[in-house]
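Read off the chains here:
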Amino acid sequence: MPPDIAFAEVARLLVVLHALAAIVLIGSSTHHLVIAWGYLRDRHKVRLGRIYAATVAVTYIVTFVLGLLAYPTYRYHVRALFFDRYEVWASNLFDMKENLAALALPLVVAVFVVSRVMNPKEDRMLALAYFWFVALVTSVVWFDVISGILITMTKGV
Amino acid sequence: MRKADLVFVALALATAVFAIAFVVPFFTEVSVPWYYPLERRWALELKPSGLAMDFYGRTLISMLAATVTFVITVLVGGRKKTPFQPRTLGVVAAWAITLTLLVISYFGWTLYSRRPVPAPIPTWYEPR
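Residues numbered from 1 in each chain as written. Chains lettered and ligands numbered in written order. Predicted model: local features only at pLDDT ≥ 70, side-chain atom pairs only at ≥ 80, totals over all residues. Heavy atoms only, no water.

## Focus: the overall build of chain B
Going by this rule: Counting from the N terminus, the helices are the DSSP runs of H or I reaching at least four residues and the strands are the DSSP runs of E reaching at least two. Between the two quantities, the radius of gyration covers C-alpha atoms and the globule rule is 2.2 Å times the number of residues to the power 0.38. Here a residue-residue contact requires only that any non-hydrogen atoms of the pair lie within 4.5 Å. For accessible areas, the Shrake-Rupley method is used with a probe of radius 1.4 Å. Any residue's cover is judged against the shown protein chains and nothing else.
Scanning chain B from terminus to terminus reveals three helices and two strands. Traced from its N-terminal end to its C-terminal end, chain B shows the element sequence α-β-β-α-α. Taken over C-alpha atoms, the radius of gyration comes to 20 Å for chain B, far larger than the 14 Å a tight globule of 128 residues would show. A separation of at least 24 residues holds for 62% of the contacts in chain B among residues at least 6 apart in sequence. Summed over all atoms, the accessible surface of chain B reaches about 7,500 Å², with 68% contributed by carbon and sulfur.

Right, dumping it as C-alpha cells:
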C-alpha cells in the first residue's frame with residue numbers, strides 16, 4: 001500500500017500549476033532585467049519597473065509555494081524510489097534547484113521593496129545595486145526553469 | 001537619512017544573513033526542523049532517523065534570521081543622523097551578492113559529487 005503523503009493526490013496538478021506560474025515568472029523577470037539595465041543607461045521606465053518587480057515577487061512566491069506543496073511527493077516517489085537509484089544527476093540537480101530558489105527569496109523581496117522607494121534617476125548607486133540583485137534573481141529563475149524541465153522530462157510525480 | 005537607503009541597507013544585510021543561516025547547519029551541530037513525508041511528522045533534530053527533508057526547516061530558520069536582521073537594522077539605522085554614503089550602499093550590496101554566490105557555489109560543489117542512498121523498493125511499487 002503506497003504511503004499517505006501530503007498532497008500526493010493533487011501532486012501532478014500542483015506541478016502543472018507550478019510550471020504555469022514559472023512561465024509567467026521567467027517572462028516577467030527577464031523583462032525586469034531589461035528595465036533594470038535601462039536604469040543604468042538613463043532609460044528610466046520606473047512605473048514599468050515597479051510593475052515587473054511586483055509581478056516577479058508574486059509569481060516567485062506562488063511558484064515557490066506550489067513547489068513546496070508538491071515536494072513531499074517528489075521526495076519519495078521520484079527521488080527516493082527512482083532518481084537516487086537510477087538518475088543520481090537528476091536528484092542532485094533538483095536539490096541545487098531548490099537551494100537556489102530559497103537563496104533568491106530575500107533578493108526577490110529586496111528588489112520589490114526597493115523598487116517602490118528608489119528613484120533611479122537620482123539614486124545611481126542604488127540603481128546599480130538594484131540591477132545586480134535583479135540579474136541574480138533572473139539567473140536563478142532561468143536555471144530553475146531549465147532544471148525543472150530536465151528533471152520532469154526524466155521523471156515527474 | 002533617506003528612507004530608500006536605510007531600507008536597502010537593511011534588505012541587503014537581511015539577504016546576507018539569510019544566505020549564512022541557510023548553510024550554517026552544514027557546518028555546525030545545530031538542530032533544524034526535519035519533515036518526515038512518509039510519517040507526516042516534524043522533528044527538531046540534528047540528523048534524521050529515516051527519510052526526511054530539511055529544506056522547509058532551513059528555509060524557515062533563514063527567513064526568521066533575515067527578518068530579525070531587517071528589523072534590527074531599521075531600528076538602529078533609523079537613529080543615524082548622517083546619510084549613508086554611496087560607497088556604503090555598494091559595499092553592503094556586494095556583500096549580499098557575494099555571500100549568496102558563495103553559498104550557491106558551496107551547494108554546487110557538494111551536490112556535484114553527492115551519492116544519495118536510495119530508499120528500499122517497496123512491494124507495492126510498479127515502475128512507470
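## Details of the pairing of strand S2 (residues 41–45) of chain B
All names here are of chain B. Quick note on the threshold: When DSSP locates at least two bridges between a pair of strands, those strands are taken to pair.
Strand direction decides the pairing type here: strand S1 (residues 32–36) and S2, joined by five bridges, are antiparallel. Along S2, the bridge assignment pairs Tyr-36 with Arg-41. Connecting S1 to the next strand, S2, in antiparallel fashion are four residues, including Arg-40 with a positive phi near 55°.

## What to know about the nonpolar core
Rules: For the purposes of this section, nonpolar cores are sets of buried Ala, Val, Leu, Ile, Met, Phe, Trp, Tyr and Cys residues that join through side-chain atoms within 4.5 Å. Burial classes follow relative accessibility: with a 1.4 Å probe on protein chains only, a residue under 20% of its type's maximum area counts as buried, one over 50% as exposed, and anything between as partly exposed.
Judged by nonpolar contacts, the single largest core of 83 residues is most densely connected at A:Tyr60, A:Leu103, A:Tyr130, A:Phe133, B:Phe8 and B:Phe107. When residues of this core are traced back to their parent elements, those giving at least two are helix H1 (11–40), helix H2 (46–86), helix H3 (88–117) and helix H4 (124–154) of chain A together with helix H1 (3–23), helix H2 (55–77) and helix H3 (86–112) of chain B. Per-element tally for this core: the top contributor is H3(A), with 15 residues. Non-local contacts of B:Phe107, meaning those with residues more than four positions away in its chain, are made with A:Met96, A:Asn99, A:Leu103, B:Phe22, B:Val23, B:Phe26, B:Arg58 and B:Tyr112. Grouped together as the second largest cluster of nonpolar side chains are five residues, B:Val32, B:Trp34, B:Tyr36 and B:Ala52 included.

## Here we look at unusual backbone geometry
Glycine aside, the phi torsion of most residues is negative, and most peptide linkages are trans. Residues and elements named next belong to chain A. The backbone of Phe-7 sits at a positive phi, close to 65°, despite the residue not being glycine. Take Phe-7: it is sitting in the segment before H1. Notably, Asp-42 is not glycine yet its phi reads approximately 60°, a positive angle. Note that Asp-42 resides in the loop between H1 and H2. Classification of Asp-42 by relative accessible area gives exposed; the value is 51%.

## What to know about the interface of chain B and chain A
Much of the literature gives interface size as the accessible area that the parts lose upon coming together. Heads up, the rule is: Accessible area that two parts lose when put together, with a 1.4 Å probe and added across both, is what the buried area reports. What counts as a salt bridge is simple: a side-chain nitrogen of Lys or Arg found within 4 Å of a carboxyl oxygen of Asp or Glu. Polar contacts, as used here, are pairs of N or O atoms within 3.5 Å; protein pairs need one atom able to donate a hydrogen and one able to accept it. Residues neighboring in sequence count only if both atoms are side-chain atoms.
Facing 49 residues of chain B, the contacting portion of chain A comprises 48 residues. The contact between chain B and chain A buries some 4,400 Å² in all, and 71% of this surface belongs to carbon and sulfur atoms. Linking chain B to chain A there are three salt bridges. Across the salt bridge formed by B:Arg40 and A:Asp4, the nearest N and O atoms sit 3.2 Å from each other. Run the count over chain B and chain A and you get twelve residue pairs in polar contact (both at pLDDT 80 or more). Broken down by secondary-structure element, the contributors of at least two residues to the side of chain B that touches chain A are H1, H2 and H3 of chain B. Considering each element in turn, the side of chain B that touches chain A owes the most residues, 14 residues, to H3(B).

## Comments concerning the packing of aromatic side chains
Put simply, the rule reads: In this scheme Phe, Tyr and Trp rings, the latter by its six-membered ring, pair at centre separations within 6.5 Å, and the angle between planes marks the pair as stacked below 30 degrees, edge-to-face above 60, and tilted otherwise. For a ring to carry a charge above it, either NZ of a lysine or CZ of an arginine must fall within 6 Å of the ring centroid while also lying within 35 degrees of the normal to the ring plane.
Using the criterion set out here, one finds 25 aromatic pairs over all chains in the structure. The ring of B:Phe84 is capped by B:Lys80, whose NZ or CZ atom sits 5.0 Å from the centre of that ring.

## Thoughts on the confidence of the model for chain B
Note the following rule: Residue-level confidence of the predictor is summarised by pLDDT, bounded by 0 at the bottom and 100 at the top.
With 99% of its residues at a pLDDT of at least 70, chain B reaches an overall mean of 94. Taken together, the chains of this predicted complex give a pTM of 0.95 and an interface ipTM of 0.94.

## Side note on the environment of B:Pro116
Mapped onto the elements, B:Pro116 comes out in the segment after H3. B:Pro116 has contacts with A:Arg79, A:Asp84, A:Val88, A:Ser91 and A:Asn92, leaving out every residue within four places of it along the chain.

## With respect to the pattern of salt bridges
Here the structure, examined in full by the defined rule, presents nine salt bridges over all chains. In this structure, A:Arg79 and A:Asp84 form a salt bridge, with 3.1 Å as the shortest nitrogen-oxygen distance. Comparing A:Arg79 with A:Asp84, the two get one shared label, buried. Here B:Arg2 and A:Asp123 are joined by a salt bridge, their closest N and O atoms 2.4 Å apart. Placement of the pair is B:Arg2 in the segment before H1 and A:Asp123 in the loop between H3 and H4, with the two residues belonging to separate chains.

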